[in-house]
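Structural overview
Residue-level listing of the chains:
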There are 2 protein chains.
Amino acid sequence: MNKQKINIVDMTLRDGSHAVSHSFSPEQVEKVAGGLDKVGVSIIEVSHGDGIAGSSVNYGFSKYPEMDLIKSANKVVKNAKLGVLLIPGIGTIQDLEEAHRNGASVVRVATHVTEADVGIQHIEHAKKIGMTAVGFLMMSHMGSPEKILEQAKIFESAGADYINLADSAGYLTPDGVKERVSILKENLSLPVGFHSHNNLGLAVANSIAAVESGATYIDATCRGLGAGAGNTQNEVLCAVLNRMGYDTGVDFYGLMDVAEEIVEPIMQRPQVINTPSLMLGYAGVYSSFLLHTYKAAERFNLNPRDILVELGKRKMVGGQEDMIIDVAYSLSQQNK
Amino acid sequence: MNKQKINIVDMTLRDGSHAVSHSFSPEQVEKVAGGLDKVGVSIIEVSHGDGIAGSSVNYGFSKYPEMDLIKSANKVVKNAKLGVLLIPGIGTIQDLEEAHRNGASVVRVATHVTEADVGIQHIEHAKKIGMTAVGFLMMSHMGSPEKILEQAKIFESAGADYINLADSAGYLTPDGVKERVSILKENLSLPVGFHSHNNLGLAVANSIAAVESGATYIDATCRGLGAGAGNTQNEVLCAVLNRMGYDTGVDFYGLMDVAEEIVEPIMQRPQVINTPSLMLGYAGVYSSFLLHTYKAAERFNLNPRDILVELGKRKMVGGQEDMIIDVAYSLSQQNK
C-alpha cells in the first residue's frame, strides 16, 4: 500500500494552553509557532484552551489578549496554516471574523458529538470568508460509529473541509478509534482527523490506530502539553510515524528540539498520568466534573471514583454538573 | 471468548530502581511491597535494576545491601510471590541461593535475545532448589519471531515455568509485539509474559497487544518508574485491562493509592519521554550507549542522533560500546 501523507496539527498553543493556565505570552507564542512552522507541521492552532473567546470566569482567563497571540503567531507562520478552535456558545461568528483578520486561515468548529447542528452556521460562515473549515466532534467515545457518521454528514453538508474526531476524555482504546474513523472513511469523501488524550496511556497508540484506519490529520502537542493527562506527544508521534514509513513532512529532529528547547522551559509541571486524570479517562467524563465530584463524595461519604464511574455510565456531559448530586445521592441509597 | 487471567508482575522495586539510582531503603521496600501485596499483584520483583548483584561500579552501586531489601519485602509479602531478576554474568548461582534463602521464590533469568544458552544452568538450578524459574529474553526487537521461538525452546528444555519477552529498548510497535508473542503461544505450551518500555509512548498499547496475543504475565511499575522513559505504568495498565474485561485480581483503586501515596513520594523525577529516551527507542539501542555517543559526535562533528540510528541499524548490543567510534568514523567519512 502506498501510504497516505499525514498532516500534523500542532495544538501546543491551544489545548496545551490548559496546562499553563492560559498564560502564553505573545513572545512565547512567537517562539513556539516560529519553531513549529520551520519544522513543517501542517496546521498550528492558537486559541484559549476552550477555543476563541474562552477567556472567562467559567473557563479561566487568558493572561494576554488572545487576538494578540494570534497576531504574534501570524508574524512568524509562513509555511503552515494558522488555525483557531471555536466552540459555538463560547466563541461567536464575530470572534471568528476577528481571528481571520488577524491571520487565522483555519477554524475547527467543535461541538459535542451529538450536536453538530449547532456548528452549521459557523462552518458556513467560515467558508464564505474563505477559511478552511473543520467539523470537530468532541467526546466521540459517547457516540456510536453510526451516530458519528450521521453527525459528520451534518458538517459535510455545511461545507466542512474535513471531519475531526476528538477523544476528549481520553477514554477510547484503539479498537474504538478504528471503528469510528473507519465508518467515516467508508462513507464520506472528506479527509478525517483524530485527537487523542493520554489518560489511559494510549494517546500515541490511538493516533496510530486512526492513521491505520485512514485518518490523515492528527492532533498533537509538544511534550504532550494539554488538559489532564495531556495530548498525543507530537515528537513521539512523529518518531513512530517515521518508523512506520508514513510521510508527515515534519523534520523530526527539529521538532524534538522545539519540544525540548522552547516548549519544555515554558511548562509549569511535567505531563504525567496521575489518579484524577486516570480516573477521568477510565470513567469517560469531563475534567470539569472533578471538583464537584470530590465535594459530593465527602457529603455522601462515598468514594469519588465510584461517582465518576457512574457519571460515565450515565453519559453525563459538560454542563450537567448539577447531576453529580443526584448520582451521589442514588449511590448512597444503594449502599444502605 | 473466555478471557484468560492476567498476572501482573510489579517491578517497581527492580526496574524502577534505575530511576531512583538504586537508592531504595529497606523501609521503602517494606512499604511498597506491602502495598503491592495487599492489592493483589501476582509477583513482586525486588533486585538491583540490573538484577541481583548488579550493585557495582559498572551498573551503579545500591545504597543499601540488596539482600536486606529482599528480606524487607519478604516480611510483608503474604499473597504474591517474591521474585528477583538474574542476569548471568552479573549475578551468580551463589547469589541466587542467597536470594532464595532470604525469601525469593521466583527468579527471572535474563539473557540477550540470542543467548538463552547462558541461562540454562541458572534455570536448572532454580528448579532444583524449588523456585519458579522464568526465561527472560531481553532486547527482543533484535530477534525475529523464529529466532525468539528457538531461544524460548532452550529455556523450555531447561525447565522454565514461563517465557518472558522484553522490549528493553522500547523500540517495538504493537504489530512487532503481536508476532513475537503469537509465535510462542502457537508453538509452546508454556505461558508467555511481556515487558515494555515507554520510549515511543507505546508501553500500555504494547502490553495490551501482548495480552491480545495470549500473554498472561505482564510487567509493569507504579507510575511507570523505570530506566529511561520508564516501563508500563501499572495503575494505567490495570485500568485498561479492567475496561477490556480481563481479570487481573488487582484492586485497581488500591493500586492507584499505592502509586500515588507510596511510590510517587519516593520518585526523584517524573517519568516522561524526553529527547534522549525518545531517540533510544527510535533507534533501538541500549541507554549505556548514550554518553559514548555524545562524546563521539563531538569528536567527529556529527549529530549524535545519526550515530544512534546507525548503531540501531547495525544491531549493536550492550558491551559493544567500543564500536561507537567505528560507526562515528564511518559516518563522518560518508559525509565528506
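Taking an unreviewed UniProt entry as the reference, chain A is identified by name as 4-hydroxy-2-oxovalerate aldolase belonging to Clostridium bovifaecis. Annotation of chain A in UniProt includes, under Sequence similarities (unreviewed entry), the sentence "Belongs to the 4-hydroxy-2-oxovalerate aldolase family."

Our focus in this paragraph is the interface of chain A and chain B. Each side of the interface is counted separately: chain A has 39 residues, and chain B has 38 residues. When the two sides are added together, the surface that chain A and chain B hide from each other amounts to roughly 3,100 Å², 60% of it contributed by carbon and sulfur. Its largest share of buried area at the contact with chain B, chain A owes to A:Arg243, A:Tyr253 and A:Tyr282, together 23% of the area lost on that side. Between chain A and chain B we count two salt bridges in total. Residues A:Asp257 and B:Arg305 are paired through a salt bridge, measuring 2.6 Å at the closest nitrogen-oxygen approach.

It takes a turn of 180° to lay chain A on chain B, together with a shift of 0.0 Å along the axis; the resulting RMSD is 0.0 Å. The two molecules are tied by a two-fold rotation axis, judged by turn and shift. Proximity to the rotation axis, assessed at the C-alpha, singles out A:Ala205 in chain A; its C-alpha lies 3.1 Å from the axis. A shared interface surface links the copies, since 97% of the contact residues of chain A are contact residues in chain B too.

The next subject is the layout of surface pockets. A volume near 1,400 Å³ is recorded for the largest pocket. For the largest pocket, the lining is made up of 46 residues, of which A:Asp50, A:Tyr59, A:Tyr286, A:Ser287 and A:Ser288 are closest to its centre. Mapped by element, the contributors of at least two residues to the lining of the largest pocket are β4 (106–112), β5 (132–138), α10 (275–283) and α11 (290–300) of chain A. Residue composition of the lining of the largest pocket, grouped by class: 22 nonpolar, 18 polar and six charged. Both of domain 1 (7–266) and domain 2 (285–334) of chain A provide at least three residues apiece to the lining of the largest pocket. Estimates place the volume of the second largest pocket at around 1,100 Å³. Taken together, 39 residues form the lining of the second largest pocket, with B:Asp50, B:Tyr59, B:Ile87, B:Tyr286 and B:Ser288 sitting closest to its centre.

What follows deals with the UniProt feature "active site" (unreviewed entry) in chain A. Annotation from UniProt places "active site" (unreviewed entry) at A:His18. For A:His18, the residues in contact, after removing those within four places along its chain, are A:Gly49, A:Asp50, A:Gly226 and A:Ala227.

Before going further, it helps to spend a moment on the UniProt feature "binding site: Mn(2+)" (unreviewed entry) in chain A. Residue and element names in this part refer to chain A. According to UniProt, the positions carrying the feature "binding site: Mn(2+)" (unreviewed entry) are Asp15, His195 and His197. Of the residues just listed, which span 183 residues, no C-alpha pair is farther apart than 10.5 Å, and they cluster in one region. Lining the largest pocket, from this annotated set, are Asp15, His195 and His197. Tracing the backbone shows Asp15 in the loop between β1 (7–10) and α1 (26–39). The contact partners of Asp15, leaving out residues within four places of it in the chain, are His195, His197, Leu225, Gly226, Ala227 and Asn231. According to the relative accessible area criterion, His195 is buried, its value standing at 3%. If we skip the residues at most four places from it in the chain, His195 touches Met11, Arg14, Asp15, Phe136, Asn164, Leu165, Ala166, Asp167, Asp219 and Asn231.

In this section: empty space enclosed by the protein. All told, the structure shown has two cavities of 30 Å³ or more when counted by the stated rule. Taken as a whole, the largest cavity spans an internal volume of roughly 70 Å³. Forming the walls of the largest cavity are B:Leu13, B:Ser17, B:His22, B:Ser23, B:Phe24, B:Ser47, B:His48, B:Ser62 and B:Leu69. Volume-wise, the second largest cavity comes out at about 50 Å³. Around the second largest cavity, the lining residues are A:Leu13, A:Ser17, A:His22, A:Phe24, A:Ser47, A:His48, A:Ser62, A:Glu66 and A:Leu69. Grouping the amino acids of the lining of the second largest cavity by side-chain chemistry returns three nonpolar, five polar and one charged.

The rules we used
Residues numbered from 1 in each chain as written. Chains lettered and ligands numbered in written order. Predicted model: local features only at pLDDT ≥ 70, side-chain atom pairs only at ≥ 80, totals over all residues. Heavy atoms only, no water. UniProt positions renumbered as here; feature names shortened; annotations may be inferred. Contact = heavy atoms within 4.5 Å. Buried area = accessible area lost by both parts, 1.4 Å probe. Salt bridge = Lys/Arg side-chain N within 4 Å of Asp/Glu carboxyl O. Least-squares fit on C-alpha atoms with pLDDT ≥ 70 in both. 1 Å grid on protein atoms, 1.4 Å probe; cavity = no way out; pocket = protein on both sides within 12 Å on 5 of 7 lines; lining within 4 Å. Points joined across faces, edges and corners; volume = space filled by probe spheres on them. Helix = DSSP H or I, 4+ residues; strand = E, 2+ residues; numbered from the N terminus. Nonpolar A, V, L, I, M, F, W, Y, C, P; charged D, E, K, R; others polar. Domains from an automatic or database assignment. Buried < 20%, exposed > 50% of the residue type's maximum accessible area, 1.4 Å probe, protein only.

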